[in-house]
Amino acid sequence: MLYQTKIAGLGKYVPENIVTNDDLSKLMDTNDAWIQERTGIKERRHIKKDDGNSTAIMGVKAAKIALERANVSKDDIDLIVFATLSPDYYFPGCGVQVQELLDIHTCPALDVRNQCSGFIYGLSVADQFIKTGMYKNVLLIGSENHSGGLDMSTRGRGVSVIFGDGAGAAVLTRSNHIGEGILSTHLHSQGKHALELALKGPSTMHWVPEIIEEQKSGKTEDIPYYPYMNGQFVFKNAVQRFSEVINEGLQHNGLEISDIDMLIPHQANLRISQFIQKKFKLSDDQVYNNIERYGNTTAASIPIALTEAWEEGKIKSGDKVVLAAFGSGFTWGSAIINW
């Protein structure tokens, strides 16, 4: 017998420190109108060095809220799945930090490195473990500390104005009610475009001592430890893949676009979300966006938006909820949920 997977509780956490577009204009050659026109972003949250936050710690803060709302004890968690591109350490991953910080005696912890698609990938992994009966309760977290690794100068403005920090979490649990919860997930990747959106160093092919020597000698102006993005190319691929993977999920479940009660896209760029909304002829009430307040929080973006949509009463029992993401890798995916 295959079980169903339902979302029993949601939580989010964002740092208190608000960074507006005007704040960024003091650090680089940019302005509020330029950023809003291209991205839809007005402000984002950044960790402050002295506020006690990190990728794992923000994830734990979101997880505690999700656990309380799910009425699930930390000791009943059978698996932790942690999605991020900005772990606290190169290794180990954040999953084991969450296990320790939540004071869970022992449980498996799995780290997912699928960037903007990380939460969808993690949701699919958790769904398979629950459906097969291996685990009953899974804690899924998406959390990012982007601000610690951005080039906050004019050189890096094309990327740095986009990203923010934050975390979202979901407690997934077993259900015996057929047709409840996660109906299906759909995952894809296309590695030939991997370097169109990437952070290439330091890597084991170009390690820290080499980078230090290159900078000292002035042999290169390239700084591989800052992220690179081919913005127009990413945008073009994103709108195509968003459309495809949403349609794939709907068709798999015998649903029509008109059946969508709430679409929560990864908050990469408001222009992408608006393009998809227009293409699918969805109303403002059928699409949830919060990028204007938080920027792109990568693996955290969907769980933060999902949590807020639920908190605001925009998702009700029986609603058909569609999650969709596209990002570095290239990777993309969707999930169809009967709430």
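Look up: the structure comes first, before these words.
Thresholds, definitions, all that
- Residues numbered from 1 in each chain as written.
- Predicted model: local features only at pLDDT ≥ 70, side-chain atom pairs only at ≥ 80, totals over all residues.
- Heavy atoms only, no water.
- Helix = DSSP H or I, 4+ residues; strand = E, 2+ residues; numbered from the N terminus.
- Rg over C-alpha atoms; globule rule 2.2 N^0.38 Å.
- Contact = heavy atoms within 4.5 Å.
- Areas by Shrake-Rupley, 256 points an atom, 1.4 Å probe, with all protein chains shown as cover.
- Lys, Arg positive; Asp, Glu negative; His and termini not counted.
- Charge placed at Lys NZ, Arg CZ, Asp CG, Glu CD.
- Core = buried A, V, L, I, M, F, W, Y, C linked by side-chain atoms within 4.5 Å.
- Buried < 20%, exposed > 50% of the residue type's maximum accessible area, 1.4 Å probe, protein only.
- Polar contact = N/O pair within 3.5 Å; in protein donor to acceptor, adjacent residues only side chain to side chain.
- Pairing = 2+ DSSP bridges.
- Axes fitted to C-alpha atoms, helices over the stretch in contact; angles between N-to-C directions.
- 1 Å grid on protein atoms, 1.4 Å probe; cavity = no way out; pocket = protein on both sides within 12 Å on 5 of 7 lines; lining within 4 Å.
- Points joined across faces, edges and corners; volume = space filled by probe spheres on them.
- Nonpolar A, V, L, I, M, F, W, Y, C, P; charged D, E, K, R; others polar.
- Phe/Tyr/Trp six-rings, centres within 6.5 Å; stacked < 30°, edge-to-face > 60°.
- Lys NZ or Arg CZ within 6 Å of the ring centre and 35° of its normal.

Novice: Tell me what's going on with the overall build of the protein, and back it up with residues and numbers.
Specialist: Scanning the protein for helices and strands turns up 11 helices and 13 strands. In terms of overall size, the protein behaves like a compact globule, its C-alpha atoms giving a radius of gyration of 19 Å where 339 residues would be expected to give roughly 20 Å. For the protein, the C-alpha atoms occupy an extent of roughly 65 × 50 × 35 Å along the three principal directions. For the protein, restricting intrachain contacts to residue pairs at least 6 apart in sequence, the fraction spanning at least 24 positions comes to 79%. Total accessible area computed for the protein in this model is approximately 15,300 Å², and 50% of it derives from carbon and sulfur atoms. A gap of 3 Å separates the mean positions of the 33 positive and 40 negative side-chain charges of the protein.

Novice: Tell me what's going on with the nonpolar core, and back it up with residues and numbers.
Specialist: Counting 32 residues, the largest nonpolar core has V138, L172, I264, L306 and L323 as the members making the most contacts within it. Considering every element that reaches this core, the biggest residue donor is helix 5 (residues 118–131), with 6 residues. Filtering out sequence-adjacent residues up to four positions away, L306 remains in contact with I7, L10, I264, I315, V321, L323 and W339. Grouped together as the second largest cluster of nonpolar side chains are 24 residues, Y13, A62, I77 and L102 included.

Novice: Can you tell me about the side chain of Q99, naming the residues and giving the values?
Specialist: Note on placement: Q99 falls in helix 4 (residues 94–101). For Q99, the side chain forms a polar contact with the main-chain oxygen of I104, separated by 2.4 Å. Apart from residues lying up to four places away in sequence, Q99 is in contact with I80, I104, H105, T106 and C107.

Novice: Run through the sheet that holds strand 6 (residues 137–144), naming residues and quoting values.
Specialist: Overall, mixed pairing links the 5 strands, which are arranged 1-7-6-4-5 in an open sheet. For this open sheet the edge positions go to strand 1 (4–13) and strand 5 (109–112), each flanked by a neighbour on one side alone. Strand-to-strand twist of the sheet, defined as the mean angle between neighbouring strand axes without regard to direction, takes the value 20°. Pairing geometry for strand 4 (residues 79–83) and strand 6, over 5 bridges, is parallel. The residue bridging F82 from the neighbouring strand is I141, located in strand 6. Each of strand 1, strand 6 and strand 7 (166–175) is contacted by helix 11 (residues 301–311), which is oriented at about 95° to strand 1, the strand it contacts most.

Novice: Summarise the sheet that holds strand 13 (residues 331–338); cite the residues concerned and give the values.
Specialist: As summarised here, the arrangement of the 4 strands in space is 8-13-12-11, forming an open sheet in which the pairing is mixed. Each edge of the open sheet carries a strand with a single partner, namely strand 8 (181–189) and strand 11 (262–265). Pairwise comparison of adjacent strand axes, ignoring direction, gives a mean angle of 10° for this sheet. With 8 bridges joining them, strand 12 (residues 320–327) and strand 13 adopt antiparallel strand pairing. Along strand 13, the bridge assignment pairs A324 with S334.

Novice: I'd like a description of the layout of surface pockets, backed by residues and values.
Specialist: In this structure, the largest pocket encloses a volume near 1,100 Å³. In this structure, the largest pocket is lined by 32 residues; those nearest its centre are L85, S86, P87, R113 and L199. Within the lining of the largest pocket, the residues separate by chemical class into 16 nonpolar, 13 polar and 3 charged. Approximately 420 Å³ is the volume attributed to the second largest pocket. If you go around the second largest pocket, you meet 21 residues; those closest to its centre are I162, M229, G231, F235 and N269. Those elements that place two or more of their residues in the lining of the second largest pocket are helix 2 (32–39), helix 8 (231–252) and strand 12. With 5 residues, the top contributor of residues to the lining of the second largest pocket is helix 8. Each residue belonging to the lining of the second largest pocket can be placed in one class, and the counts come to 13 nonpolar, 7 polar and 1 charged.

Novice: Which residues make up the packing of aromatic side chains, and what values go with them?
Specialist: For the structure on display, the rule yields 5 aromatic pairs. With centroids separated by 5.5 Å and ring planes inclined at 80°, the aromatic side chains of Y90 and W207 adopt a geometry described as edge-to-face. On the criterion of sequence distance, the pair formed by Y90 in the loop between strand 4 and helix 4 and W207 in the loop between strand 9 (197–198) and helix 7 (208–217) is long-range, its members being 117 residues apart. Connected via pairs of aromatic rings, a cluster forms that spans F233, F326, F330 and W332. Above the plane of the ring of W34 lies R157, whose end atom (NZ or CZ) is 5.3 Å from the centre. Lying over the aromatic face of Y3, R174 brings its terminal NZ or CZ to 4.4 Å of the ring centre.

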